[in-house]
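Per-entry structural report
These are the residues of each chain, in order.
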Amino acid sequence: IVSKSFFKELFDRFGFGFGSQQYINILFFLSGASLFLIGIINGLRVLLIALFTPIIEEWTKVKRISNWFIALTGFLFALSFVLVILARRFNLTYLFIISFILSAVTLVTFGNSYSKLIKQNLKPENMGILNKISKIGILITAISLFASAYIMDNIKNGYIISFGITVGCFTLSSFIMFLFRCSIKPQETSTIGFFKDLKTHAALFLKNKIILILLIASTITAFVQTIGSIYYGIFIYNFLNNTGFGGFLNVAVVFIVATLSSLLAPYLTRINSKAYGKFPMLVFGTLLIAIMPLTYFYNPNLVAISMATMIGIIGAAIVGVANGLLILDILHERDRKYYFRVSNLLITIPYIITIPIGSFIAQAFGLKTLFLVLGLTLVCAVMPLYLIIIILYHRKFKV
């Protein structure tokens, strides 16, 4: 099972690199889609992923999920990239939309179910090389990001080759999944249901002022990161096309920096958490995140954007750890587990309103204006909320 898992994850990493969501958004844009439509469809994709994640999680608790079912969803996920090729080739907007929806639904099952299968059937001490797959995978993703961009920049209709490789990688990954001889075994005979329980716990969380403000701050931060990630690649491709490496390679360079930064972020975060504590980390991390969109507005050149991207990734890691430390202080253990499960869903529900607003700003006023708004939103809205949290925390715990 270890060797099969290793090769499966290897093909997955290559697939995600060659078929980067940034590249898909650019192809969608080049096919004539408006910035508003691109934002709306990406927002729908994020919402579907957030919605299906707890559904699949609850389903696997009470139903046996076989390896062939996970493999089938993998083949359907590969099909979504075939639709991207056809959509770009014939400039068919509706095929792009179908591919976004199909990829969102199948990605959750293919990814989350596989992770649970491994967790159930492979003990940590038997993981072997799989313990290093995350670091190896980051390097593979970086290499494939560059290779895909090079192909699309230098070969006519190169996207067919790049996304054809993506289809091949996920097809092979799914075939390997068929070879597994294990499944996800149900852990419960019945369940009260995630969404029924959500109502009770959400009410408890929202009554706690610190948790409520923290959720609002996290919602705004997540929105800024999500709407920014939708448009960053398009902006780099469109506005920096005649500088640096040009075309898709400029996009690749920036997001390779982002990918490699994720290796550095955990180490810097651990150092900061020990040296400064959770509250300075919340404020400092938010400022680092804000630097990213503000750089796209004030100094949009390849070097500055690459450095700002690295800083933004580190900032996001710092805020994430600080949030976790704060929750550990505030909530009992039984509530903590549920908070971490439901927070992603609670944070993404407001996207129904905020994503269309961000998409409208991009369409009506341009991407640079959108990035300015995103940066100022973090500085002027999120940071004051964290200051309120600090005051409430000190009053409650008298520290």
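Note that the structure is a prediction, hence the values are computed from the model and not measured.

Now for the side chain of serine 144. On the secondary structure map, serine 144 appears in helix H6 (residues 133-154). Beyond its immediate sequence surroundings of up to four residues, serine 144 is in contact with Arg13, Phe14, Gly17 and Phe18.

In this structure the tally under the stated criterion is 25 aromatic pairs. Arranged with centres 5.0 Å apart and planes meeting at 75°, the rings of phenylalanine 16 and phenylalanine 170 form a pair that is edge-to-face. Of this pair, phenylalanine 16 sits in helix H1 (residues 2-18) while phenylalanine 170 sits in helix H7 (residues 158-179), placing them 154 residues apart in sequence. The class of phenylalanine 170 is buried, set by a relative accessible area of 0%.

Side chains of nonpolar character tend, in soluble globular proteins, to be buried together. Residues Tyr23, Phe163, Tyr231, Tyr296, Leu367 and Tyr386 are the most contacted members of the largest nonpolar core, which totals 114 residues. With 17 residues, the single largest contributor to this core is helix H9 (residues 209-239). If near-sequence neighbours (up to four positions away) are discounted, leucine 367 is found in contact with Leu35, Tyr231, Ile234, Phe235, Phe239 and Ala362.

Given a rise of 1.5 Å per residue, 22 residues ought to cover 32 Å, and the 31 Å separating the end C-alpha atoms of H6 matches this to within 8%. If you check which residues of H6 are buried, you get Ile133, Gly137, Ile138, Ile140, Thr141, Ala142, Ser144, Leu145, Ser148, Ala149, Ile151 and Met152.

The share of residues in the protein chain with pLDDT of 70 or more is 92%, and the mean pLDDT across the chain is 88. Predicted confidence in the protein chain is weakest over helix H8 (residues 194-207), with a mean pLDDT of 66, and strongest over helix H2 (residues 21-30), with 97.

Here we come to the packing of H2 against helix H5 (residues 93-121). Two numbers describe how H2 lies on H5: the axes approach to 11 Å, and their chain directions differ by 160°. Judged by the inter-axis angle, H2 sits roughly antiparallel to H5. Of the two possible hands of crossing, H2 and H5 adopt the one that is left-handed. Contacts between H2 and H5 involve Gln21, Ile24, Asn25, Leu27 and Phe28 on the former and, on the latter, Thr93, Phe96 and Phe100.

Attention now goes to the packing of H9 against helix H13 (residues 333-348). For the pair H9 and H13, interaxial distance at closest approach is 9 Å and the crossing angle is 55°. What the angle tells us is that H9 and H13 run oblique. The way H9 lies across H13 gives a crossing that is right-handed. Residues Ile211, Leu214, Leu215, Ser218, Thr219 and Ala222 of H9 form the contact with H13, whose participating residues are Tyr339, Ser343, Leu346 and Ile347. Taken together, the residues of the contact of H9 with H13 sort by class into seven nonpolar, three polar and no charged.

Cut-off values and rules
- Residues numbered from 1 in each chain as written.
- Predicted model: local features only at pLDDT ≥ 70, side-chain atom pairs only at ≥ 80, totals over all residues.
- Heavy atoms only, no water.
- Helix = DSSP H or I, 4+ residues; strand = E, 2+ residues; numbered from the N terminus.
- Contact = heavy atoms within 4.5 Å.
- Phe/Tyr/Trp six-rings, centres within 6.5 Å; stacked < 30°, edge-to-face > 60°.
- Buried < 20%, exposed > 50% of the residue type's maximum accessible area, 1.4 Å probe, protein only.
- Core = buried A, V, L, I, M, F, W, Y, C linked by side-chain atoms within 4.5 Å.
- Expected span 1.5 Å × (residues − 1).
- pLDDT = per-residue confidence, 0-100.
- Axes fitted to C-alpha atoms, helices over the stretch in contact; angles between N-to-C directions.
- Parallel < 35°, antiparallel > 145°, perpendicular 65-115°, else oblique.
- Left-handed = near helix turned anticlockwise from the far one by under 90°.
- Nonpolar A, V, L, I, M, F, W, Y, C, P; charged D, E, K, R; others polar.

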